[in-house]
Amino acid sequence: MKIGVIGGTGGQGLGIATRFAQAGEEIIIGSRTLEKAQVGVDKVKELLGDIKNVRAATNQDAAKESDVLILTVPLAAQKDTLLSIKEGATGKPLLDATGPLMSAIGGSATQCMLLPEGSAAQRAQTILPAAKVICAFNNISQTWWMQLDEPIDCDCLICGDDKDAKAMVTPLIEMVPGIKVVDCGALERASIIEKITPLLIGLNIRNKCQFGGIRITGLDKGRVC
Ligand SMILES: NC(=O)c1ccc[n+]([C@@H]2O[C@H](COP(=O)([O-])OP(=O)(O)OC[C@H]3O[C@@H](n4cnc5c(N)ncnc54)[C@H](OP(=O)(O)O)[C@@H]3O)[C@@H](O)[C@H]2O)c1
């Protein structure tokens, strides 16, 4: 499956691209410029060797040529970036990692911004109604993605309104060692999932670490009568 990482040149996008490339998927790293996307590809190859399954493209071409899209840009860039890939994103699963953090407007990354749409993922769905938006990857830090020799000790909480799209991306996400996908339901659940991120950032600061993550337990234990 071809995965296009839109804005894949930053910490989160490069980490995700590297892990999925390591898992053998075909990756297109997208950027506003082809040159910057190529720098991203070179970084992935520095880490993984001269692999053939990663290439560079503009965000627009990455969206058109991919089966699944992953959006990894700051909130301030979310709307323009989504509008720039409107054509290519139509009908495709779009995994939105956008964090609505107060740091987007000069505040603290340990606080969440309240958006009129309810969440950044719902905002993405409003901007691109024809894409199948799924909130994903918000609670897994770039530090975890880049621990390439270790399984990622985190669940990936996802939510979205298109059940088929979630069923399609779940095995894909779980190709990354260690990650378990937890389907949290409809897209409106993103307002809760996205708020966990500033909590984790705060915990990282308090504990002087960068690996704060989340695991949901007990869901396979059955009902107590
Ligand atoms: N970093 C993490 O650990 C982490 C964890 C969970 C969620 N997230 C979320 O994932 C998203 C990406 O995080 P990040 O740390 O990777 O962000 P970042 O490094 O600041 O930016 C990622 C990419 O977005 C593009 N971009 C940046 N500013 C832009 C602008 N004003 N207009 C258009 N494009 C712009 C750039 O790509 P080009 O210049 O190549 O176009 C940049 O390389 C954020 O929403 C963040 O909240 C991050």
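Placed above this text is the structure.
Numbers given to residues run from 1 along each chain, matching the order in which its sequence is written. Local features are withheld for residues below a pLDDT of 70 in this predicted model, meaning they are given only at 70 or higher, and side-chain atom pairs are given and counted only at 80 or more; totals for whole chains, interfaces and linings count all residues. Values reported for side chains reflect all heavy atoms of the structure, with hydrogen atoms and water molecules removed beforehand.

Q: Looking at this model, I keep getting lost on the site of the ligand. Mind explaining?
A: Consider each residue's heavy atoms; a residue with any of them within 4 Å of a molecule or strand counts as near. In the vicinity of the ligand lie 20 residues, with Thr9, Ser31, Lys36, Val73 and Gln142 positioned nearest. Polar contacts, as used here, are pairs of N or O atoms within 3.5 Å; protein pairs need one atom able to donate a hydrogen and one able to accept it. Residues neighboring in sequence count only if both atoms are side-chain atoms. The contact in question runs from an oxygen atom of the ligand to an N or O atom on the backbone of Gln12, over 2.9 Å. One of the backbone nitrogen or oxygen atoms of Gln142 is found 2.8 Å away from an oxygen atom of the ligand. Residue-level accessible areas treat just the shown protein chains as cover; the underlying method is Shrake-Rupley with a 1.4 Å probe. Surface burial for the ligand is 74%, taken as the share of its 880 Å² of free accessible area covered by protein chains. Assessed atom by atom at 2 Å from the grid points, the ligand resides in the largest pocket. All amino acids are sorted into three groups, where Ala, Val, Leu, Ile, Met, Phe, Trp, Tyr, Cys and Pro are nonpolar, Asp, Glu, Lys and Arg are charged, and the leftover types, Gly among them, are polar. A class-by-class count of the residues in the shell around the ligand yields six nonpolar, twelve polar and two charged. Within this scheme a cavity is a closed region of a 1 Å grid, computed over the protein atoms alone, that accommodates a 1.4 Å probe without allowing it to escape, whereas a pocket is open but has protein on both sides within 12 Å along at least five of seven lines; lining residues each have an atom within 4 Å of a point. To be counted as sitting in a cavity or pocket, a molecule needs more than half of its atoms within 2 Å of that site's grid points.

Q: Help me understand the environment of Val133 in this model?
A: Numbered from the N terminus, helices here are DSSP runs of H or I no shorter than four residues, and strands are runs of E no shorter than two. As for its position among the elements, Val133 is in strand S6 (residues 132-135). Here the alpha-carbon distance between Val133 and Gln122, two residues eleven residues apart in the chain, equals 7.9 Å.

Q: How should I be thinking about the layout of surface pockets in this particular structure?
A: The gaps of empty space that remain are located by a probe, the size of a water molecule, rolled over the atoms. Grid points are joined across faces, edges and corners, and a volume is the space filled by probe spheres set on the points. By volume, the largest pocket is sized at about 650 Å³. For the largest pocket, the lining is made up of 30 residues, of which Gln12, Ala97, Leu101, Thr197 and Ile201 are closest to its centre. For the lining of the largest pocket, the secondary structure elements donating two or more residues are helix H1 (11-22), helix H7 (142-145) and helix H9 (190-206). Broken down by element, the lining of the largest pocket gets its largest block of residues, five residues, from H9. When grouped by side-chain class, the residues that make up the lining of the largest pocket number 13 nonpolar, 17 polar and no charged. As a volume, the second largest pocket reaches approximately 300 Å³. For the second largest pocket, the lining is made up of 16 residues, of which Gly7, Arg32, Asn59, Val73 and Thr81 are closest to its centre. At the level of secondary structure, the elements contributing two or more residues to the lining of the second largest pocket comprise helix H3 (59-65) and helix H4 (75-84). Counting residues per element, the lining of the second largest pocket draws most heavily on H4, at four residues. Its residues placed into classes, the lining of the second largest pocket shows three nonpolar, ten polar and three charged.

Q: Just checking my understanding: could you explain the nonpolar core for this structure?
A: Buried together is how nonpolar side chains tend to be arranged in soluble globular proteins. Here the nonpolar core consists of buried residues drawn from Ala, Val, Leu, Ile, Met, Phe, Trp, Tyr and Cys, with membership extended through side-chain atoms lying within 4.5 Å. Burial classification: accessible surface area is computed with a 1.4 Å probe over protein chains only, and a residue below 20% of its type maximum counts as buried, one above 50% as exposed, and the rest as partly exposed. The biggest cluster of nonpolar side chains holds 36 residues, and the ones touching the most others in it are Phe20, Ile27, Leu95, Phe137, Cys156 and Ile173. Every residue pair with non-hydrogen atoms within 4.5 Å of one another is taken to be in contact. Excluding its chain neighbours within four sequence positions, the residues that come into contact with Phe20 are Ile3, Glu25, Ile27, Ile70, Phe137, Leu172, Ile173 and Val176.

Q: Please explain the pairing of strand S2 (residues 26-31) as it appears in this structure.
A: Walk down a regular strand and you will see the side chains alternate between the two sheet faces. For S2, the tally of buried residues reaches five of six residues, placing the bulk of the element in the interior. Should DSSP find at least two bridges between two strands, the strands are taken to pair. Across four bridges, strand S1 (residues 2-6) lies against S2 in parallel orientation. Looking at S2, one finds that Val5 is bridged to Ile29. The parallel pair S1 and S2 is bridged by H1, and the resulting crossover is right-handed. Across five bridges, S2 lies against strand S3 (residues 54-58) in parallel orientation. Counted as the bridge partner of Ile27 is Val54 from S3. Look down the strands so they point away from you; if the path from the first strand over the helix to the second goes clockwise, the crossover is right-handed. In this fold, the crossover linking S2 to S3 by way of helix H2 (residues 34-48) has right-handed handedness.

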